[in-house]
Amino acid sequence: MIQLQAAGLPVALINPRQGRDFAKATGKLAKTDAIDAQILAHFGEAMQPPILAVESEESRQLGDLISRRRQLVEMRTAEKNRRERARGKALVDIEAHLEYLDNCLEKLNQEIEELTQANQQWLEKVNLLKTVPGIGQVISTTLVSDLPELGQLTAKQISRLVGVAPINPDSGQHKGKRMIQGGRAQIRATLYMGAVVAMRHNPVIKAFYEGLVGRGKSKKLALTACVRKILVILNAMVRQNQPWQLPDNLQPCS
């Protein structure tokens, strides 16, 4: 992708399933490199997917650092799980590895913060997002890096992009169960972490979650709805360049 953009060619990013489904819809069941190239060209012409903006070197560097941080966190979680069952030398080795990973994460977080601080536009957006209870430094920098469309799309468009917009599998009088699929899984996972924190510390999200559960919605569905609500709130804040404000009906009594 980087090489294509460097050569001045327009680049669009699609879910592989879209390309394969498009091929089946046009009757192309065989799969070779030549057929794939033809199908993708036809898909681009017919569907006109949005062209990705050319990333700056700074943006690519920030994205690489955030991806690496995500990998280190996953490794640390795996090692912590192994530690529960380890004994003897294996336990000592795991403890040493965890200490190493903690040090790496600390240095990496510092690099990410320094890079963010050096870019005034990023810094302003990160500080804006952090005004929302439940959205901290990690989530805000991830959104700045991996969701540059935030604030530039409508609520429905940003929800579809991330993959938290409910899909209606209805047919005739049958009303199917709403579900989500596709979208940017890493952004969705990051926002899930924020939603879990917000359910305890953000009065708007807490009331929203409790209201859904009180009406009989499952906790998993209610949590997904909270993720979408947080995303919509963040999108509106960035678009309007306005920090988080507690609604008047939830203001503490004086």
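None of these values were measured; they are calculated from a predicted model.

Draft legend 1. View of helix H8 (residues 155–162). Looking only at H8, the buried set comprises Ile158, Ser159 and Val162. The buried residues of H8 occupy an angular sector of 100 degrees when the element is viewed end-on, so they sit on one face. Along H8, the residues that are exposed and aim more than 90 degrees away from the buried face are Lys156 and Arg160. On its buried face, H8 sits against helix H9 (185–201) and helix H11 (219–240). Looking one or two residues past H8, Gly163 carries a phi angle of roughly 95 degrees, positive in sign.

Draft legend 2. Spotlight on the pattern of salt bridges. Enumeration according to the criterion identifies nine salt bridges in this entry. Between Arg83 and Glu95 there is a salt bridge, with the nearest N and O atoms lying 3.5 Å from each other. Here Arg83 is found in helix H4 (residues 57–83), whereas its partner Glu95 is found in helix H5 (residues 88–117), with twelve residues between them in sequence. Connected through shared salt-bridge partners, Arg20, Lys31 and Asp36 make up one network.

Draft legend 3. Examining the environment of Glu149 more closely. Mapped onto the elements, Glu149 comes out in the loop between helix H7 (137–146) and H8. Sequence-wise, Glu149 and Asn235 are 86 residues apart; in three dimensions their C-alpha atoms are separated by 8.8 Å. Ignoring sequence-local partners within four residues, the contact set of Glu149 consists of Ile158, Leu161, Arg184 and Asn235.

Draft legend 4. Examining the packing of helix H6 (residues 120–129) against H7 more closely. H7 packs onto H6 with a crossing angle of 135 degrees between their chain directions and a minimal axis gap of 9 Å. Classified by the angle their axes make, H6 and H7 are oblique. Here H6 runs over H7; the crossing is right-handed. Side by side, H6 and H7 meet where Trp122, Lys125, Val126 and Leu129 of the first sit next to Gln137, Ser140, Thr141, Leu143 and Val144 of the second. Per-class residue counts for the contact of H6 with H7 are five nonpolar, three polar and one charged.

Thresholds applied
- Residues numbered from 1 in each chain as written.
- Predicted model: local features only at pLDDT ≥ 70, side-chain atom pairs only at ≥ 80, totals over all residues.
- Heavy atoms only, no water.
- Buried < 20%, exposed > 50% of the residue type's maximum accessible area, 1.4 Å probe, protein only.
- Helix = DSSP H or I, 4+ residues; strand = E, 2+ residues; numbered from the N terminus.
- Arc of directions from axis to C-beta.
- Contact = heavy atoms within 4.5 Å.
- Salt bridge = Lys/Arg side-chain N within 4 Å of Asp/Glu carboxyl O.
- Axes fitted to C-alpha atoms, helices over the stretch in contact; angles between N-to-C directions.
- Parallel < 35°, antiparallel > 145°, perpendicular 65-115°, else oblique.
- Left-handed = near helix turned anticlockwise from the far one by under 90°.
- Nonpolar A, V, L, I, M, F, W, Y, C, P; charged D, E, K, R; others polar.

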